[in-house]
Amino acid sequence: MKTNTAHDVSPPEPESRLAGDGLPPWLADNPAAGRRTRLARPAAAIAALALAAGLWAAGRPATAIAVAGAVALAVGFVVGVAVLRQLLSGSHPVLGVARAIVEEAIGSRLSILLVMMVVVTLPILPLLLDPQERLAYRLQFLLTWSLSGASVLLAVITIALACGSVCGDIESRRIHMTLSKPIHRSEYLLGKWLGVILLDGMLVGLVGIGVYAGVLALAKTPAADAADRLAVQEQVLTARVVARPVHPSGADFDRSVAATIEEIRNSDPASFDRSPERARKRIVAQRVHEWHTVTAEVVSSYLFTGLDKQAIRAPVVQLRLEPFADNSSIARADVRFALWLNERPFPIRGGEHAAYTFSTGLTHTIDLPTEAIADDGTLRVTIANQNLVMPGEQRPTSISFTPGEGLEVMYRAGSFGGNFVRGLLVMWAKLVLLAAAALAAAAWLGFPTALLASLMVYVTAAASGFFADAIDIYTGLDRKNDTLMDMLRLRLSMLVERIVKVEWWELIKTFGAYCADAFLAVIPSFGTQDAIAQLATGRLVPLAEVASGLLFLAVAYPLALLALGWVLLERRDLVSSAS
Amino acid sequence: MVTTPRDDAPIDIACAGVTKTFCDFWMRPRVRAVENVDLEVRRGQIYGLLGPNGSGKSTTIKMLLGLLQPTSGRIAVLGKRPKDVQIKKSIGYLPEESYLYRFLSGRETLDYYGRLFRLERKARRERIDMLLEMVGLEAVQDRPVGEYSKGMQRRIGLAQSLINDPQLLILDEPTSGMDPVGARQIKDLIATLAGRGKTVLLCSHLLSDVEDLCDRVAIMYGGKVRAEGTCDELLEQEHATLLETSELPPPVVEEVRTLLRRHDLALTKVQRPRRKLESLFLEIVEQARAEGVRTSGASSGGEVAEFLSANEPVPDDAETAAKGAESPVDTNLLDSLMKR
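The structure reproduced in this document is the subject of the present report. Since the structure is predicted, the reported quantities are computational estimates derived from the model, not experimental observations.

The rules behind the values
All residue numbers refer to positions counted from 1 along the written sequence of the respective chain. Whichever chain is written first is A, and whichever ligand is written first is 1; the rest continue in order. Where local features are concerned, this predicted model is filtered to residues with pLDDT of at least 70; where side-chain atom pairs are given and counted, the filter is 80 or more; whole-chain, interface and lining totals use all residues. Think of the side-chain values as coming from all heavy atoms in the structure, minus any hydrogens and water. Strands are labelled as partners when DSSP assigns at least two bridges between them. Helix and strand definitions here come from DSSP, where helices need a minimum of 4 consecutive H or I residues and strands a minimum of 2 consecutive E residues; each element is numbered from the N-terminal end. Angles here are taken between N-to-C directions and fall from 0 to 180 degrees, while the axes themselves are lines fitted to C-alpha atoms, restricted in helices to the stretch in contact. Think of it in three bands: with a 1.4 Å probe and only protein chains considered, a residue is buried below 20% of the maximum accessible area for its type, exposed above 50%, and partly exposed in between. Contacts are assigned to residue pairs that have any heavy atoms within 4.5 Å of one another. Take the buried Ala, Val, Leu, Ile, Met, Phe, Trp, Tyr and Cys residues and link them wherever side-chain atoms come within 4.5 Å; each set so joined is a nonpolar core. These domain limits were set by an automatic method or by a database of domain assignments. Aromatic pairs are defined between Phe, Tyr and Trp rings, using the six-membered ring for Trp, whenever the two ring centres lie within 6.5 Å; interplanar angles under 30 degrees are classed as stacked, those over 60 as edge-to-face, and all others as tilted. Throughout this description, the term charge over a ring refers to an Arg CZ or Lys NZ atom that lies within 6 Å of the ring centre and within 35 degrees of the ring normal. Like-charged residues within 9 Å of one another, or nonpolar side chains (Val, Leu, Ile, Met, Phe, Trp, Tyr) within 5 Å, are grouped into patches, provided each residue has over 30% relative accessible area and no salt bridge. Each accessible area is a Shrake-Rupley estimate made with a 1.4 Å probe; only the visible protein chains count as cover when residues are assessed. Salt bridges are defined by distance alone: a side-chain nitrogen of Lys or Arg within 4 Å of a carboxyl oxygen of Asp or Glu. When charges are counted, neither His nor the chain ends are considered; positive counts come from Lys and Arg and negative counts from Asp and Glu. Every charge is mapped onto a representative atom, which is NZ of Lys, CZ of Arg, CG of Asp or CD of Glu. Roughly parallel means an angle under 35 degrees; roughly antiparallel, over 145; roughly perpendicular, 65 to 115; everything else is oblique. Left-handed is the label given to a crossing in which the near helix is rotated counterclockwise from the far helix by less than a right angle, and right-handed is the label when the rotation is clockwise. In this count, Pro and Cys sit with the nonpolar residues alongside Ala, Val, Leu, Ile, Met, Phe, Trp and Tyr, while Asp, Glu, Lys and Arg are called charged and the others, Gly among them, polar.

**Observations regarding the sheet that holds strand β1 (residues 239–243) of chain A**
Residue and element names in this part refer to chain A.
Part 1: Strand order in the open sheet formed by 4 strands is β1-β14-β4-β11, with antiparallel pairing between adjacent strands. In the strand order of this sheet, the two ends are held by β1 and β11 (364–369), each with one partner. Each strand axis lies, on average, 35 degrees off the axis of its neighbour in the sheet, ignoring direction.
Part 2: Taken together, the 4 bridges between strand β4 (residues 316–321) and strand β14 (residues 407–414) define a ladder with antiparallel strand orientation.

Spelled out as structure tokens, the structure:
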């Protein structure tokens with residue numbers, strides 16, 4: 001047998017090094033490759049800054065600031081990642097898993113793409129604003145769109161990362177190597193959650209810094225006029241407490257509603273019996289609307305309470321109103337009315353009681369003197385309709401305000417910066433909840449299903465108010481005025497009624513609606529903590545709201561979801577078939 | 001065979017009547033992967049689990065690691081139930097393929113697994129240095145493992161399985177994807193570790209690997225153990241005798257034939273012994289290395305890492321691996337298994 005001796009073995013050519021355990025030529029024996037990769041990012045940053053300087057010199061300061069802003073955010077991202085790595089450098093397995101998912105996020109193309117969208121879009125957004133628009137509106141637009149957009153993107157990043165990481169571990173069997181080590185499955189999920197929420201915290205902080213800097217920079221640009229500048233200071237870059245008028249309620253109101261119901265029942269029993277709850281709801285809504293309507297014949301008074309004069313340091317408070325002309329077919333009509341504050345006419349101009357004329361469908365703000373508030377903290381705002389009779393009409397148009405946000409008194413109670421931080425905390429708390437929901441889903445389901453389920457949770461939480469109203473309208477029930485037991489009893493009786501009447505299709509629809517209702521009841525609502533809208537309209541994000549957001553959205557719900565995920569993962573066989 | 005563990009050595013793995021049936025979404029039985037398997041592996045033994053693909057080897061291993069729940073039967077690993085996290089401090093596991101995070105470098109990968117064992121930073125760094133040297137990946141330690149070749153991924157996989165200085169090493173196809181040099185090194189390493197008192201469960205369908213290394217072997221097919229015993233017990237041919245001498249000239253062979261015929265015996269085969277191809281290959285590579293021929297692949301690998309102790313409790317630093325081994329054995333569980 002012929003065998004090669006040592007003398008027959010030729011030294012391998014460089015091209016042949018891929019044989020056996022070799023590396024690709026561009027990696028093998030090429031220390032400069034690593035150095036080039038390390039230098040690429042600083043070089044790109046310096047090039048971008050040079051471009052920004054060039055744009056500035058060429059008289060395009062806004063574009064230059066946008067480019068510099070993108071660089072600053074990118075640098076902030078790199079620094080943030082370094083801080084996270086340091087935070088997660090401990091020896092505990094939970095920290096090890098958390099660090100791995102942070103590295104996974106940085107290495108994932110989808111995550112990086114979404115992060116780059118945030119980093120690039122945020123500085124560009126101010127460039128899209130119409131410079132002819134009033135500054136206060138531009139600031140509100142910037143705040144709303146930048147924070148809403150970032151919130152949606154971060155939610156998608158959170159869900160994709162959490163689902164992708166756990167499902168990826170299971171599908172690629174990496175989880176076998178991890179769970180064959182001394183780590184509980186609960187610790188594994190906890191580590192994933194910790195990594196995702198710390199990354200979210202870093203990204204929310206980065207977005208916050210970017211938006212805050214953008215808002216301050218935009219606020220320094222010229223305003224349309226003095227009123228616009230005042231609006232910026234008093235209505236946007238501020239934190240105001242909101243007071244709403246005390247609604248009619250109590251026994252008298254209930255008796256009045258009951259009397260109307262009885263009247264309708266007597267006049268049209270058939271239509272009423274079909275859906276008594278819907279009829280009641282309609283009557284209550286009608287009463288509340290009537291209460292918010294100022295007709296030509298009467299003057300209407302709205303009582304605001306709890307306005308502590310000592311706590312209000314500003315000389316003025318704002319009356320924010322959005323009027324509508326009830327019986328006018330014109331989309332944008334003008335309404336005219338006079339005001340009294342605690343029975344005194346306001347404003348007095350040239351010794352006379354002046355009236356206000358406002359366009360309908362727009363939000364208007366009137367500065368009221370703080371001294372008009374009574375010592376007991378009440379302010380009675382009386383409105384008299386002074387509309388003229390429109391051509392073809394018999395009487396002046398009624399003025400109405402949307403119940404809730406249509407008529408409010410606001411006063412400054414904090415700084416914009418502090419309020420902004422509170423808003424960001426609420427935003428982060430929602431992401432913490434989403435991360436836990438996505439991990440719980442991934443502990444049980446495959447990637448596409450877990451992703452869809454998590455997105456469904458997100459959409460439901462974000463639009464729960466809309467869904468709840470839709471279900472109420474569909475089922476004819478009113479969840480707001482019933483206790484849980486009442487709701488259950490009522491719904492059960494409706495189901496029984498459908499069965500007794502053999503209305504099978506109605507029965508199926510009602511049952512489906514109840515299932516959706518039950519899903520809504522389980523998912524916490526993000527709508528009750530709409531910090532972005534509050535920030536954009538200069539309203540104080542209450543500390544209680546932040547605390548409850550952190551407690552329920554960032555602690556209680558996530559821990560419950562993680563516990564559920566742990567139970568599911570504990571019972572799950574991590575191999576789907578025989579091997 | 002490299003070790004001769006005593007028959008009264010502690011039992012590190014015990015399975016009694018273990019069955020695993022996989023069910024579909026509706027919980028209907030779909031595949032019976034393992035059926036009524038009994039195993040007993042003693043400390044210091046190299047135990048081979050042989051079988052073709054789909055014979056139930058990997059499923060058995062995953063049940064030993066607590067990754068799968070047996071449908072019926074009982075399992076004790078290091079005296080405790082496989083779900084007990086404490087015992088995993090003393091187990092090293094190399095799966096049939098190295099399932100690694102592609103974005104982590106070789107060093108970061110070992111660091112990740114070191115953290116799962118709660119190893120302090122200093123201990124982690126020292127062990128990672130030694131393991132990287134041992135598996136010959138020092139030069140590529142900072143590159144993402146996604147860029148590693150399959151053999152290099154097996155090497156890093158092997159390194160992670162040893163980072164806790166395990167008492168029990170479970171190796172699923174350890175030499176798959178390795179070149180003959182790497183495969184030989186891994187076999188030598190397994191032999192060395194067994195010599196130091198470690199227990200090794202070796203799962204393979206490479207028969208030569210198992211024959212070279214194992215004290216005892218179980219051959220599985222269709223989820224059942226079809227044969228079990230030492231290699232000698234299983235392989236000895238009682239109807240034949242093999243004599244080895246220096247080269248015999250044809251007349252001497254004829255004389256032997258005549259002698260045997262006188263005793264009513266026949267000489268059935270006369271041939272020159274052959275070397276194993278592996279031995280020839282290794283000799284050529286060794287010679288090339290001695291002459292300084294360079295290669296860009298993983299280097300040959302160093303000595304066995306120092307911290308892989310010789311059947312001693314693990315170092316003091318930070319509650320490391322040996323806790324599981326030191327913790328009291330669930331004797332009731334073992335007894336109940338042994339009574340079956």
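**Some remarks on the environment of Phe-416 of chain A**
All names here are of chain A.
Part 1: Note that Phe-416 resides in helix α12 (residues 416–442).
Part 2: A residue is classified by how much of its surface remains accessible, and Phe-416, at 5% relative accessible area, is buried.
Part 3: Dropping the residues within four chain positions of it, Phe-416 is found in contact with Leu-143, Tyr-212, Val-215, Val-236, Leu-237, Thr-238 and Leu-535.

**Structural notes on the side chain of Asp-169 of chain A**
Part 1: Tracing the backbone shows Asp-169 of chain A in helix α5 (residues 135–171).
Part 2: Residues within four places of Asp-169 of chain A in sequence aside, it is in contact with Gly-164, Arg-174, Ile-175, Tyr-188 and Lys-192 of chain A together with Tyr-101 of chain B.

**A closer look at the nonpolar core**
Part 1: Ranked by size, the top nonpolar core spans 169 residues in total, and within it Leu-143 and Leu-147 of chain A together with Leu-131 and Leu-162 of chain B carry the most contacts.
Part 2: Top contributing element to this core by residue count: α5 of chain A, with 18 residues.
Part 3: Taken together, domain 1 (42–87) and domain 2 (92–238 + 418–462 + 535–579) of chain A each give at least three residues to this core, which thus spans both.
Part 4: With near-sequence residues (within four places) excluded, Leu-131 of chain B lies in contact with Leu-110, Ala-159, Leu-162, Ile-163, Ala-305 and Phe-307 of chain B.
Part 5: Counting residues in each nonpolar core, the second largest holds 30 residues, with Tyr-302, Leu-319, Phe-337 and Val-409 of chain A among its members.

**Thoughts on the sheet that holds strand β1 (residues 11–23) of chain B**
Residue and element names in this part refer to chain B.
Part 1: On the basis of which strands lie adjacent, the open sheet formed by 3 strands has the order β2-β1-β4 and antiparallel pairing. Here the strands that pair on one side only, and so sit at the sheet edges, are β2 (29–42) and β4 (72–77). Within the sheet, the average angular offset between the axes of one strand and its neighbour, ignoring direction, is 20 degrees.
Part 2: Strands β1, β2 and β4 of the sheet are contacted by helix α1 (residues 57–64), whose axis makes an angle of about 115 degrees with β1.

**With respect to the environment of Asp-375 of chain A**
Part 1: Relative to the elements of secondary structure, Asp-375 of chain A occurs in the loop between β11 and β12 (379–385).
Part 2: Sequence-wise, Asp-375 of chain A and Lys-309 of chain A are 66 residues apart; in three dimensions their C-alpha atoms are separated by 7.2 Å.

**Here's the deal with the packing of aromatic side chains**
Part 1: For the coordinates displayed, the defined rule picks out 12 aromatic pairs over all chains.
Part 2: Ring centres of Phe-337 of chain A and Phe-358 of chain A lie 5.8 Å apart, and the angle between their planes is 65 degrees; this geometry places the pair in the edge-to-face category. With Phe-337 of chain A in strand β6 (residues 334–341) and Phe-358 of chain A in strand β10 (residues 356–359), this pair connects stretches of sequence that are 21 residues apart. For the residue pair Phe-337 of chain A and Phe-358 of chain A, the accessibility class agrees, reading buried in each case.
Part 3: For the cation-ring pair, Lys-20 of chain B lies above Phe-22 of chain B, with the distance from its terminal atom to the ring centre recorded as 5.4 Å.

**Some words on a negative patch on the surface**
Part 1: On the surface, a cluster of negative charge is contributed by Asp-232, Glu-233, Glu-236 and Glu-238 of chain B.
Part 2: Within the secondary structure, Glu-238 of chain B sits in the loop between α7 (231–235) and α8 (250–262).

**Concerning the packing of helix α7 (residues 185–219) of chain A against helix α18 (residues 543–571) of chain A**
The axes of two packed helices give the description: the angle between them and the distance between them.
Residues and elements named next belong to chain A.
Part 1: It is the contact of α7 with α18, at a shortest axis distance of 9 Å, that shows an interaxial angle of 135 degrees. Judged on the interaxial angle alone, α18 and α7 are oblique. Crossing of α7 over α18 shows right-handed handedness. The residues of α18 that touch α7, namely those facing Arg-185, Ser-186, Tyr-188, Leu-189, Leu-190 and Trp-193, are Ala-554, Pro-558, Leu-562, Gly-565, Trp-566, Leu-569 and Glu-570.
Part 2: Looking at the contact of α7 with α18 residue by residue, the class counts come to 9 nonpolar, 2 polar and 2 charged.

Everything listed here is a matter of coordinates, which is why it stays silent on function.
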